[in-house]
Amino acid sequence: MNSGTGLLALVVVIAGVIILFKAVRMVPQGYEWTVEAFGRYTHTMSPGLHFLVPVYQGVGRKINMMEQVMDVPSQDVITKDNAVVKVDGVVYFQVLNAAKAAYEVAQLEIAILNLVMTNIRTAIGSMDLDESLSKRDEINTKVLVAVDQATHPWGLKVNRIELKDIAPPRDLIDSMARQMKAEREKRANILEAEGFRQAEILKAEGEKQSTILEAEGRKEAAFREAEARERLAAAEAKATQMVSEAIAQGDVQAINYFIAQKYVEAFKELATSPNQKMILMPMEASGIIGSIAGVAELTREAFAKQEEKKAARGVPPRVGG
């Protein structure tokens, strides 16, 4: 009797422990658990201590509410220009509604993965190879918008989708390298030709400016020379006028000076002529003086005639030198 009572007490204690374990539940931080009553969803438990009715209520699904990272495996994708590339990526998502994530879709992570892979193929398939390699951000945005809209009924928020690698086949990589090299050589040749062209333009511009400045210099020199000749002619005219006035006034020395100066200048030009190597010319001072004296005599006669005319008009005679 005592043994049967002890066994019954043990069974009651074990049953009480089980019932207590089923009735008292503690949800960890970052998770939410769903509660089911005879298999039907009733509510969701947030992090903390909760009490359930044993047998009638039980824990349904344990949902991770933290942001999660999921790798997208590499897959072959055909671009618009029929190039085959290998693409992989990573997805960042977070559950916002535990009940929808638990009961709206089966195998949540597999569903997300397939949806992402399908949209990656769609996005890259609408682009050429060059576009798919250079517009990675555009592909990420396009896939993110499509996947986020598709997973919204599941209580999810897809935060980011990043393509880790887009790898063309080896032969395409080699072709692209050759194309890039040729393009760089082309740009280098264009820049070199442009440099030569610019240099020729600058050289021609410099020669033009030099010619203009040289012409301006010649023009200025010609102007100065003409001005000098004009002044020289004016000076000679003035000197001739002064000599003439001096002769008219009876100054014999003026005409002597004028004739002697012209004589010396003529002899100087003859002596410095490039057509003559040697000049033999007799020159006597008495001859020059005699010539000057003859001219002076003629001048006196002209003065005498002028005096006679003045005397006829009643003008007092002028005493000559």
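This text goes with the structure placed above it.
Computed from a predicted structure; not experimentally measured.

J.: Any details on the overall build of the protein? Residues and values, ideally.
T.: Broken down by element type, the protein carries eight helices and eight strands. Residue pairs at least 24 apart in sequence account for 63% of intrachain contacts in the protein once pairs closer than 6 positions are excluded. In the structure as shown, the protein presents an accessible area of about 22600 Å², 59% of it carried by carbon and sulfur atoms.

J.: Can you break down the sheet that holds strand E5 (residues 57-64) residue by residue, with the values?
T.: Spatial ordering of the open sheet is given by E3-E2-E5, a layout of three strands whose pairing is antiparallel. Whereas interior strands pair on both sides, the edge strands pair on one side only; in this sheet they are strand E3 (40-45) and E5. Pairs of neighbouring strands in the sheet enclose a mean axial angle of 30°, with direction left out of account. Pairing of strand E2 (residues 31-37) with E5, which is carried by six bridges, proceeds in the antiparallel orientation. Following the sheet pairing, Val35 is matched in E5 by Val59.

J.: Go over the sheet that holds strand E7 (residues 84-95) with me, naming the residues and quoting the values.
T.: The sheet built from three strands is open, its strands ordered E6-E7-E8 with antiparallel pairing. With partners counted over all chains shown, the strands left at the sheet margins are strand E6 (68-78) and strand E8 (156-167), one partner each. Neighbour-to-neighbour, the strand axes of this sheet turn through a mean angle of 20°, independent of strand direction. The sheet contact formed by E7 and E8 spans ten bridges and is antiparallel. In the strand pairing of E8, Gln94 is matched with Lys157. Against the sheet, helix H3 (residues 108-125) contacts E6, E7 and E8, and its axis sits at roughly 40° relative to E6.

J.: Can you lay out the packing of aromatic side chains for me, pointing to particular residues and giving the numbers?
T.: Counted under the stated rule, the structure contains two aromatic pairs. Ring geometry for Phe38 versus Tyr56: centroids 5.1 Å apart, planes at 80°, classification edge-to-face. Of this pair, Phe38 sits in the loop between E2 and E3 while Tyr56 sits in the loop between strand E4 (48-51) and E5; the two residues are 18 residues apart in sequence, bridging distant segments of the chain. By relative accessible area, which is 64% here, Phe38 ends up exposed. A ring pair is formed by Tyr41 and Tyr103, whose centres lie 5.5 Å apart and whose planes are at 50°; its orientation type is tilted.

J.: Before we move on, could you go through a nonpolar patch on the surface and cite the residues and values that matter?
T.: A cluster of nonpolar side chains, Leu7, Leu10, Val11, Ile14 and Ile18, forms an exposed patch at the surface whose accessible area comes to about 460 Å². Along the polypeptide, Leu7 turns up in helix H1 (residues 2-23). With relative accessibility at 54%, the residue Leu7 sits in the exposed group.

J.: An account of the nonpolar core is requested, with residue identities and associated values reported.
T.: Residues Val87, Val91, Leu108, Ile112, Val116 and Ile120 are the most contacted members of the largest nonpolar core, which totals 36 residues. Put simply, the parts of the chain that give this core at least two residues each are E6, E7, helix H2 (98-103), H3, helix H5 (136-151) and E8. In terms of residue count, the dominant contributor to this core is H3 (ten residues). In contact with Ile112, not counting residues within four places along its chain, are Met70, Val91, Phe93, Trp154 and Leu156. Judged by nonpolar contacts, the second largest core, of five residues, contains Val27, Trp33, Val35 and Leu52.

J.: Give me the lowdown on H5, citing residues and values where you can.
T.: In a regular helix each residue adds 1.5 Å, so 16 residues correspond to 22 Å; H5 covers 22 Å between its end C-alpha atoms and thus fits that length. Among the residues making up H5, those that are buried are Ile139, Asn140, Val143, Val147, Asp148 and Thr151. Considered in projection along H5, the buried side chains sweep an arc of 150° and stay on one side of the axis. Next to the buried residues of H5 lie H3, helix H4 (129-134) and E8.

J.: Run through unusual backbone geometry, naming residues and quoting values.
T.: One non-glycine residue, Phe38, adopts positive backbone phi at about 55°. At Asn82, a position not held by glycine, the phi torsion is positive, near 65°. The exposure class of Asn82 is exposed, given its relative accessible area of 66%.

J.: Account for the pattern of salt bridges, naming residues and giving values.
T.: On inspection of all chains with the given rule, the structure shows nine salt bridges. A salt bridge links Arg224 to Glu227; the shortest N-O distance between them is 3.8 Å. Note that Arg224 and Glu227 are positioned in helix H6 (residues 170-248) at a spacing of three residues, about one turn of the helix. For Glu227, a relative accessible area of 23% gives the class partly exposed. Close ionic contact of Arg231 with Glu227 constitutes a salt bridge, the shortest N to O distance being 2.9 Å. Within this pair, Arg231 and its partner Glu227 are both found in helix H6, separated by four residues, close to a single helical turn. Take Arg231: its relative accessible area is 58%, and that puts it in the exposed class. Within the structure, one salt-bridge network assembled from shared partners comprises Glu220, Arg224, Glu227 and Arg231.

About the cut-offs
Residues numbered from 1 in each chain as written. Predicted model: local features only at pLDDT ≥ 70, side-chain atom pairs only at ≥ 80, totals over all residues. Heavy atoms only, no water. Helix = DSSP H or I, 4+ residues; strand = E, 2+ residues; numbered from the N terminus. Contact = heavy atoms within 4.5 Å. Areas by Shrake-Rupley, 256 points an atom, 1.4 Å probe, with all protein chains shown as cover. Pairing = 2+ DSSP bridges. Axes fitted to C-alpha atoms, helices over the stretch in contact; angles between N-to-C directions. Phe/Tyr/Trp six-rings, centres within 6.5 Å; stacked < 30°, edge-to-face > 60°. Buried < 20%, exposed > 50% of the residue type's maximum accessible area, 1.4 Å probe, protein only. Patch = residues over 30% accessible without salt bridge, like charges linked within 9 Å, V, L, I, M, F, W, Y side chains within 5 Å. Salt bridge = Lys/Arg side-chain N within 4 Å of Asp/Glu carboxyl O. Core = buried A, V, L, I, M, F, W, Y, C linked by side-chain atoms within 4.5 Å. Expected span 1.5 Å × (residues − 1). Arc of directions from axis to C-beta.

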